[in-house]
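# Chains, contacts and geometry: an overview
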Amino acid sequence: MTLWVLTIVGLAALIAVDFFIGRKPHDVSIKEAGIWTVVWIALAGLFGLGLFLFGGGQPAGEFLAGFITEKSLSVDNLFVFVLIMAKFAVPSQYQQRVLLVGVLIALVLRAVFIAAGAAITASFSWVFFLFGAFLVWTAWKLVQEARGDDEDEEFEENKLLKAAERRFGVADRYHGTKLWIEQNGKRVMTPMLVVMLAIGTTDVLFALDSIPAIFGLTQDPYIVFTANAFALMGLRQLYFLIGGLLKKLVHLSYGLSVILGFIGVKLVLHALHETGVHVPEISTPVSLGVICAVLAVTTVTSLLATRKQAAADTASRAGESPAEGDKAGGESRDSRNSVDA
């Protein structure tokens, strides 16, 4: 209990520092986002080092594998965050405040999920079969979505968000960083509060696969919670740092599907082992190696594919001959003359 209290107090202090440094609404620069991204990753590394010194290699390795997995799955969240920001037309100077509060809401909700998951896995070992099957199914669904056309994808508000809007009402415009205002004698929510709730509650949907995934790497609730906390708290800075690069990660969904499928198989093997079936189990170092390798390959192939596509587009534009350009220009002039006539 002492360890839990100290950890939560420490995380709260780090969040408070992050909040007060960036409390003034402003456009987050690449430099600022990069510095804070490095800071949060370094803090996660120091925490892992502390686990290694006081707990040994096993918990440290589980934390590192869990942190990398949750971080990679969180990058997928950024695609949805971009849609949410566009849906609610959030001014750029307010986006960092929206993400900070939204991520805090997500962290609290995930803590509830983690507590429930820890209680279930401690009481019923067969639940690992369900977790494993769900992750394999999610991996297949990711592959199917990656093959589809998501260019016209838009964010749709969930039922909880719609119910809150009907109950309290929403102002017609942003009022700085205010969450509530008086409008026509009635207290209503501002769009700022709505978008914060949208990000926080939408992240719960991502927790449905990320929480089982990390329980496939470790069953220690403390490691599960801290890995999620460090992965989520650096998500705001990561949004501004790689926001422009998200479209270049064209193979990310494939990489995440491989990771989820791998952990799903690991969970099934663990469940079989728990029921007395003699099957090989996948160790934490092997899991960590597979996760890092998949992410590295996915990143490299994504960048190569994006570069190849950009080169093909450039060559296609450069392939238009001058004669074709003159012909197009002539047709355009003839069209204008016809309209004038």
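Structural data are supplied above this passage.
This one's a predicted model, so the numbers in the text were calculated from it and none came from an experiment.

### Examining the overall build of the protein chain
Summing up its helical and strand segments, the protein chain has twelve helices and two strands in all. Within the span of the protein chain, comprising 341 residues, buried residues form 43% of the whole. Taking as baseline every contact in the protein chain between residues at least 6 positions apart, the subset at least 24 positions apart corresponds to 78%. Carbon together with sulfur atoms contributes 65% to the accessible area of the protein chain, which is approximately 18,200 Å² in total.

### Points about the packing of helix α4 (residues 95-123) against helix α9 (residues 235-242)
The contact between α4 and α9 brings their axes to 9 Å, and the two run at 145 degrees. Contact residues: α4 offers Gln95, Gln96, Leu99 and Leu100, while α9 offers Arg236, Tyr239 and Phe240. Looking at the contact of α4 with α9 residue by residue, the classes come out as four nonpolar, two polar and one charged.

### Overview of the environment of Leu73
By the element assignment, Leu73 lies in helix α3 (residues 57-87). In this structure, the C-alpha to C-alpha distance between Leu73 and Leu260, residues 187 residues apart in sequence, is 9.4 Å.

### Focus on the nonpolar core
Counting residues in each nonpolar core, the largest one holds 82 residues, and the members touching the most others are Phe63, Phe81, Ile84, Phe88, Val90, Val98 and Phe230. Non-local contacts of Phe230, meaning those with residues more than four positions away in its chain, are made with Leu11, Trp40, Leu43, Ala44, Phe47, Phe63, Phe67 and Lys71.

### Comments concerning the pairing of strand β2 (residues 186-189)
Note that strand β1 (residues 180-183) and β2 share four bridges and pair antiparallel. Residue pairing in the sheet places Gln183 in a bridge with Lys186 of β2. In this antiparallel pair of consecutive strands, β1 and β2, the connection spans two residues, and Asn184 shows a positive phi of 55 degrees.

### Quick look at the packing of helix α10 (residues 252-274) against helix α11 (residues 284-318)
It is at 8 Å that the axes of α10 and α11 come closest, and there the two elements cross at 165 degrees. Judged by the inter-axis angle, α10 sits roughly antiparallel to α11. Our pair here, α10 against α11, has a crossing hand that is right-handed. Residues Leu252, Gly255, Val258, Ile259, Phe262 and Lys266 of α10 form the contact with α11, whose participating residues are Ser287, Val290, Ile291, Val294, Leu295, Thr298 and Ser302. Its residues assigned to classes, the contact of α10 with α11 shows eight nonpolar, four polar and one charged.

What counts, and where the lines are drawn
All residue numbers here refer to positions counted from 1 along the written sequence of the relevant chain. In keeping with the predicted nature of the model, local features appear solely for residues at pLDDT of at least 70, side-chain atom pairs appear and are counted solely at 80 or more, and the whole-chain, interface and lining totals rest on all residues. With hydrogens and water excluded, all non-hydrogen atoms of the structure serve as input to the side-chain values. Secondary structure follows DSSP: runs of H or I at least 4 residues long count as helices, runs of E at least 2 residues long count as strands, and numbering of each begins at the N terminus. Buried residues are those whose accessible area, probed at 1.4 Å on protein chains only, stays under 20% of the maximum for their type, while exposed residues exceed 50% and partly exposed ones sit between those limits. Note on definitions: a residue-residue contact is assigned when non-hydrogen atoms from the two residues lie within 4.5 Å. The method behind every accessible area is Shrake-Rupley, applied with a 1.4 Å probe, and residues are considered shielded solely by the protein chains displayed. Axis definition: a line fitted to C-alpha atoms, limited for helices to the stretch in contact. Angles are taken between N-to-C directions and run from 0 to 180 degrees. Residues were grouped as follows: Ala, Val, Leu, Ile, Met, Phe, Trp, Tyr, Cys and Pro as nonpolar; Asp, Glu, Lys and Arg as charged; and all remaining residues, including Gly, as polar. Each nonpolar core is a collection of buried residues, namely Ala, Val, Leu, Ile, Met, Phe, Trp, Tyr and Cys, held together in the definition by side-chain atoms within 4.5 Å. When DSSP finds two or more bridges between two strands, those strands count as paired. For this classification, under 35 degrees means roughly parallel, over 145 means roughly antiparallel, 65 to 115 means roughly perpendicular, and everything else is oblique. It is the rotation of the near helix from the far one that decides the hand of a crossing: anticlockwise by less than a right angle makes it left-handed, clockwise makes it right-handed.

Remember, this is a structural readout, not a statement about activity or role.
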